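If you want the building blocks of each chain, they are given just below.
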Amino acid sequence: MINLELPKKLSRLGDMAHAVAEGMFRPVSRKYDRLEHTYPKELDMLRSILQGMADGGSDMGADGLSREKKGKRKEINNGTNMAIVLNMMEICWGDAGLALTIPGQGLGNAAITAVATPEQKKRFDGKWAAMAITEPDAGSDSAAIQTTAHLDGDEWVLNGEKIFVTCGERADLIVVWATLDKELGRAAIKSFVVEKGAPGFKVTHLEKKLGIRASDTATIMLDNCRIPRTNILGSEAIDTKKSFAGVMQTFDNTRPVVAAMSVGVAKAALDLTRDLLEKEGIRFQYQGNRFDIPAIEAEFYRMEADLEAARLLMFKAAWMADNGMPNSKEASMAKAKAGRVGNDITLKCVELCSSMGYSENILLEKWARDSKIFDIFEGTQQIQQLVVARRILKKRSKDLK
Ligand SMILES: Cc1cc2nc3c(=O)[nH]c(=O)nc-3n(C[C@H](O)[C@H](O)[C@H](O)COP(=O)(O)OP(=O)(O)OC[C@H]3O[C@@H](n4cnc5c(N)ncnc54)[C@H](O)[C@@H]3O)c2cc1C
């Protein structure tokens, strides 16, 4: 028999995250949807709680890293990714925009976890890291980035513009993708940790967005920005076989997290829709001849089944990462499925609840707006399908574009 139950330790973590989502995020969800670009100060308390968990030697922080006493971290090989996706799924049930701006939990942190050396992990421990890949002429095709890095003595000098950087204004560090040599294409792309306040670093613009408004999305200029030589993640050497694979490895860890966010928001929409429909007298009985079930009930079951499929794909991709298995295909499958069904479900819930769903009196319309981003960032729906097709057909990116 297949056991799909979560281990107790993870279940407890999920329950804790759910409590935070319900008690801290939901009450201020609408407030920060309206107050775009205002830092949600309530999150400082969460930072203190996470710090307290670290200092108190609790088993696991909200980022899924186990911690030894006196605040030192120790990574668990089997469970880190599972813990992160579970945590994100539950937190996003509360509010995805707020989840994206929890201090210390940026996508750059995932990149550091995936590719930093033990010395770097220690050095950047406890810092909040954003991730800057996208540029005006490089979105889906991340190999097209134009930002450059060159060595000058003991420092890297970075030049370029990064756009749509989540937490770009609020984070302590930005993990920046830059090329060491444009002529050498994707093999020369490396990631660099740029600390806020580094000379030549400037946040120049904040986006106004459709959804996830509690989260800041910044444009960053790097104008002869100087950082220490030791801030490159991974090796300085340009290895034409492995280099890009190194930075792309980040996505194998982050795509299941985005899938989890999508699942969490869709679950929130389904839960509220169920409550509202039950108040209108609809009964969800999960039985009877499928030809006799009312259309609205059948629609609801279809959405639940879709969401469960996405949730299981998300867990599979995270579990594979925890167990050292190559998971690019599964990570993209999870994100493609979760992004698509998340968009479908949140919009369908607005439809099923009609005028009430469309009104700002409840959060359904907000979740439909928030959900859209999960099918865009960390690779769009089309890009995930492309990655899956390449893996199944055993084609390289130059052969299947
Ligand atoms: C709110 C928000 C937050 C973001 N946060 C970050 C962040 O923290 N860090 C970061 O680096 N970036 C971030 N991004 C950028 C995001 O990752 C990009 O928007 C995304 O990768 C798509 O790039 P693009 O917008 O340039 O679209 P394009 O690449 O121009 O794509 C446009 C359309 O063409 C399709 N398409 C492109 N290529 C193909 C192909 N080969 N086959 C089929 N279809 C294709 C795409 O799927 C899409 O539908 C964020 C974006 C938003 C909106």
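Residues numbered from 1 in each chain as written. Predicted model: local features only at pLDDT ≥ 70, side-chain atom pairs only at ≥ 80, totals over all residues. Heavy atoms only, no water.

(A) Local environment of the overall build of the protein. Broken down by element type, the protein carries eleven helices and ten strands. Dimensions of the protein, computed from C-alpha atoms along their principal axes, come out at roughly 75 × 50 × 45 Å. Each of the 401 residues in the protein was classed as buried or not, and the buried ones make up 53%. The long-range fraction of contacts in the protein, counting pairs at least 24 apart against all pairs at least 6 apart in sequence, stands at 71%. Looking at the protein as shown, the accessible area adds up to about 18800 Å², and 54% of this sits on carbon and sulfur atoms. (Helix = DSSP H or I, 4+ residues; strand = E, 2+ residues; numbered from the N terminus. Buried < 20%, exposed > 50% of the residue type's maximum accessible area, 1.4 Å probe, protein only. Contact = heavy atoms within 4.5 Å. Areas by Shrake-Rupley, 256 points an atom, 1.4 Å probe, with all protein chains shown as cover.)

(B) Just the site of the ligand, in detail. Around the ligand lies a shell of 21 residues, among which Ile-133, Thr-134, Ser-140, Phe-164 and Thr-380 are the nearest. Ile-133 places a main-chain nitrogen or oxygen 2.7 Å from an oxygen atom of the ligand. A total of 980 Å² of accessible area belongs to the ligand in isolation, and the protein chains cover 65% of it. Mapped onto the shell around the ligand, the elements with two or more residues apiece are strand S3 (129-132), strand S5 (155-166) and helix H11 (381-393). For the shell around the ligand, a count of residues per class yields eleven nonpolar, seven polar and three charged. (Near = heavy atom within 4 Å. Polar contact = N/O pair within 3.5 Å; in protein donor to acceptor, adjacent residues only side chain to side chain. Nonpolar A, V, L, I, M, F, W, Y, C, P; charged D, E, K, R; others polar.)

(C) Broad picture of the side chain of Lys-335. For Lys-335, the position within the fold is in helix H9 (residues 328-358). No salt bridge is formed by the buried Lys-335; the nearest opposite charge belongs to Asp-375, separated by 5.0 Å. Beyond its immediate stretch of four places on either side in the chain, Lys-335 contacts Arg-255, Val-258, Ala-259, Phe-374, Asp-375, Ile-376, Phe-377, Glu-378, Gly-379 and Gln-384. (Lys, Arg positive; Asp, Glu negative; His and termini not counted. Salt bridge = Lys/Arg side-chain N within 4 Å of Asp/Glu carboxyl O.)

(D) Just unusual backbone geometry, in detail. Its identity as a non-glycine residue notwithstanding, Cys-167 has a phi of 65°, on the positive side. Turning to its location among the elements, Cys-167 is positioned in the loop between S5 and strand S6 (173-179). The phi dihedral of Lys-394 falls on the positive side, at around 55°, and the residue is not glycine. Checked against the element boundaries, Lys-394 lands in the segment after H11. A residue is classified by how much of its surface remains accessible, and Lys-394, at 74% relative accessible area, is exposed.

(E) Summary view of the packing of helix H8 (residues 295-322) against H9. Between H8 and H9, the least distance of the axes is 9 Å, while the angle of their chain directions is 155°. As the angle between them shows, H8 and H9 are arranged roughly antiparallel. Classified by chirality, the crossing of H9 by H8 is left-handed. Across the contact of H8 with H9, the residue classes tally to 17 nonpolar, no polar and seven charged. (Axes fitted to C-alpha atoms, helices over the stretch in contact; angles between N-to-C directions. Parallel < 35°, antiparallel > 145°, perpendicular 65-115°, else oblique. Left-handed = near helix turned anticlockwise from the far one by under 90°.)

(F) How the structure looks around the nonpolar core. Within the largest apolar cluster, 69 residues are counted, with the highest numbers of intra-cluster contacts made by Phe-25, Met-314, Ile-345, Leu-364 and Phe-374. Going through the elements one at a time, helix H1 (8-34), helix H2 (42-55), helix H3 (80-94), helix H4 (96-99), helix H7 (243-279), H8, H9 and helix H10 (364-371) are the ones with two or more residues in this core. Excluding anything up to four places from it in sequence, Phe-374 contacts Ala-96, Val-258, Met-261, Ser-262, Val-265, Lys-335 and Gly-339. Counting residues in hydrophobic clusters, the runner-up holds 21 residues, among them Val-165, Ala-178, Ile-220 and Cys-225. (Core = buried A, V, L, I, M, F, W, Y, C linked by side-chain atoms within 4.5 Å.)

(G) Summary view of H11. Counted at 1.5 Å a residue, the expected span for H11 with its 13 residues is 18 Å, and the 18 Å between its end C-alpha atoms agrees. After H11 finishes, the residue Lys-394 shows a positive phi value of roughly 55°. (Expected span 1.5 Å × (residues − 1).)

(H) Examining the confidence of the model for the protein more closely. This prediction gives the protein a mean pLDDT of 90; 90% of its residues lie at or above 70. The low-confidence segment residues 56-78, where pLDDT is below 50, has 59 contacts with residues more than four positions distant or belonging to other chains. (pLDDT = per-residue confidence, 0-100.)

(I) Expanded view of the environment of Thr-219. If you trace the backbone, Thr-219 turns up in strand S9 (residues 217-228). By relative accessible area, which is 5% here, Thr-219 ends up buried. Each C-alpha atom of the pair Thr-219 and Val-165 lies 6.3 Å from the other, and the pair is 54 residues apart in sequence. Apart from the residues within four sequence positions on either side, Thr-219 is in contact with Glu-161, Lys-162, Ile-163, Lys-202, Val-203, Thr-204, His-205 and Glu-207.

(J) How the structure looks around the pattern of salt bridges. Across all of its chains, the model carries 29 salt bridges by this definition. The closest approach of N and O atoms between Glu-308 and Arg-311, which form a salt bridge, is 3.0 Å. Of this pair, Glu-308 and Arg-311 both sit in helix H8, three residues apart, which is roughly one turn of that helix. The class of Glu-308 is partly exposed, set by a relative accessible area of 33%. In this structure, Lys-329 engages Glu-330 in a salt bridge whose closest nitrogen and oxygen atoms are separated by 3.9 Å. Several salt bridges converge on common partners, so that one network encompasses Glu-299, Arg-302, Asp-306, Lys-337, Lys-348 and Glu-351.

(K) Here's a closer look at the packing of aromatic side chains. Using the criterion set out here, one finds six aromatic pairs in the structure. With a centroid separation of 5.2 Å and an interplanar angle of 65°, the aromatic rings of Trp-156 and Phe-192 are classed as edge-to-face. Remark: Phe-192 occurs in strand S7 (residues 189-195) and Trp-156 occurs in strand S5; sequence separation between them is 36 residues. Note on Phe-192: relative accessible area 0%, which makes it buried. Ring centres of Trp-177 and Phe-251 lie 5.8 Å apart, and the angle between their planes is 50°; this geometry places the pair in the tilted category. Taken together, the positions of Trp-177 in strand S6 and Phe-251 in helix H7 put the pair 74 residues apart, joining distant regions of the chain. (Phe/Tyr/Trp six-rings, centres within 6.5 Å; stacked < 30°, edge-to-face > 60°.)

(L) How the structure looks around the side chain of Ser-371. Checked against the element boundaries, Ser-371 lands in helix H10. A polar contact is formed between the side chain of Ser-371 and the backbone oxygen of Gly-342, at a distance of 3.2 Å. Filtering out sequence-adjacent residues up to four positions away, Ser-371 remains in contact with Ser-262, Val-265, Gly-342, Asn-343 and Thr-346.

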